[in-house]
Amino acid sequence: DTAVSQTPKYLVTQMGNDKSIKCEQNLGHDTMYWYKQDSKKFLKIMFSYNNKELIINETVPNRFSPKSPDKAHLNLHINSLELGDSAVYFCASSQDIRNEGAFFGQGTRLTVV
Amino acid sequence: GESVGLHLPTLSVQEGDNSIINCAYSNSASDYFIWYKQESGKGPQFIIDIRSNMDKRQGQRVTVLLNKTVKHLSLQIAATQPGDSAVYFCAERGGSSYKLIFGSGTRLLVRP
């Protein structure tokens, strides 16, 4: 069973489009995250939700909007996609907000053309 | 700002040798540290973690050492195998938000 699953795995889209990435975890964890990994492999936190409540919101353009319908799901919607949004986006989850031993999904490679 | 960095971007070792991957961190208030392994096309995978009240922790073939005096973290892999080839990230947790700050990664290449 996949612990943290995100879809799609690959996403190629044109500039200006709106797209969503979905994430689900079956670990019973309370806290979920979105990370962005750039072309140099640098991983940076974008958002964190604990039990559907936003707790970390890094300096991310307003075009990025996370949504957590329940604590097992955290989706990421991106409006008006730009070339610079091209990256690999990882969803992760941890037992609680202490963020210890977080599990990561397989990633969504977003390419904006 | 706070950052976590690595001394060696690429480390090449002979199969069977021990590997040591180093990491420097800058936030003396960080209380938790973690190592992840990322294989090509996959997400980061937890290896081992350590709290700031410890200076050593051992897992299966891996050991993490923490030197708070010089703000240094290392991951030791015993008897390195081809399957250990990956990018390794250290991360620190500091502050009330509990967010992890990742280093830039070290690529480990295992020569057969």
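A brief report on the enclosed structure follows.

What counts, and at which threshold
Residues numbered from 1 in each chain as written. Chains lettered and ligands numbered in written order. Predicted model: local features only at pLDDT ≥ 70, side-chain atom pairs only at ≥ 80, totals over all residues. Heavy atoms only, no water. Helix = DSSP H or I, 4+ residues; strand = E, 2+ residues; numbered from the N terminus. Rg over C-alpha atoms; globule rule 2.2 N^0.38 Å. Buried < 20%, exposed > 50% of the residue type's maximum accessible area, 1.4 Å probe, protein only. Contact = heavy atoms within 4.5 Å. Areas by Shrake-Rupley, 256 points an atom, 1.4 Å probe, with all protein chains shown as cover. Lys, Arg positive; Asp, Glu negative; His and termini not counted. Charge placed at Lys NZ, Arg CZ, Asp CG, Glu CD. Disulfide = S-S within 2.5 Å. Buried area = accessible area lost by both parts, 1.4 Å probe. Salt bridge = Lys/Arg side-chain N within 4 Å of Asp/Glu carboxyl O. Polar contact = N/O pair within 3.5 Å; in protein donor to acceptor, adjacent residues only side chain to side chain. Nonpolar A, V, L, I, M, F, W, Y, C, P; charged D, E, K, R; others polar.

### Overview of the overall build of chain A
Then step 1. Of regular secondary structure, chain A possesses zero helices and eleven strands.
Then step 2. Taking 113 residues into account, the globule formula puts the C-alpha radius of gyration at 13 Å, and chain A, at 13 Å, falls close to it.
Then step 3. Taken along its principal axes, the extent of the C-alpha atoms in chain A is 35 × 30 × 25 Å.
Then step 4. Counting only residues that meet the buried cut, chain A has 47% of its 113 residues in that class.
Then step 5. Nonlocal contacts in chain A, meaning residues at least 24 apart in sequence, comprise 55% of its contacts between residues at least 6 apart.
Then step 6. Here chain A displays about 5600 Å² of accessible surface, and carbon together with sulfur accounts for 48% of that area.
Then step 7. Within chain A, one finds 13 positive and 12 negative side-chain charges whose respective centroids are separated by 6 Å.

### With respect to the state of the cysteines
Then step 1. Taken as a whole and judged by the stated rule, the model has two disulfides over all chains.
Then step 2. Across the disulfide, A:Cys23 is cross-linked to A:Cys91 (sulfur-sulfur distance 1.9 Å). Here the S-S torsion is close to -80°, and the disulfide linking A:Cys23 with A:Cys91 is therefore left-handed. With A:Cys23 in strand S3 (residues 19-25) and A:Cys91 in strand S9 (residues 87-94), this pair connects stretches of sequence that are 68 residues apart. An identical accessibility class is assigned to A:Cys23 and A:Cys91; each is buried.
Then step 3. Across the disulfide from B:Cys23 sits B:Cys90; the S-S distance is 1.8 Å. Judged by the sign of its S-S torsion, about 50°, the cystine formed by B:Cys23 and B:Cys90 is right-handed.

### A closer look at the interface of chain A and chain B
Then step 1. The interface of chain A with chain B comprises 20 residues on the first partner and 22 residues on the second.
Then step 2. Broken down residue by residue, the surface that chain A buries against chain B is led by A:Lys41, A:Leu43 and A:Glu100, which jointly contribute 28%.
Then step 3. The interface formed by chain A and chain B contains three salt bridges.
Then step 4. Run the count over chain A and chain B and you get nine residue pairs in polar contact (both at pLDDT 80 or more).
Then step 5. Mapped by element, the contributors of at least two residues to the side of chain A that touches chain B are strand S4 (31-37) and strand S5 (43-50) of chain A.
Then step 6. Considered class by class, the residues forming the side of chain A that touches chain B number nine nonpolar, five polar and six charged.

The analysis is restricted to geometry; functional conclusions fall outside its scope.
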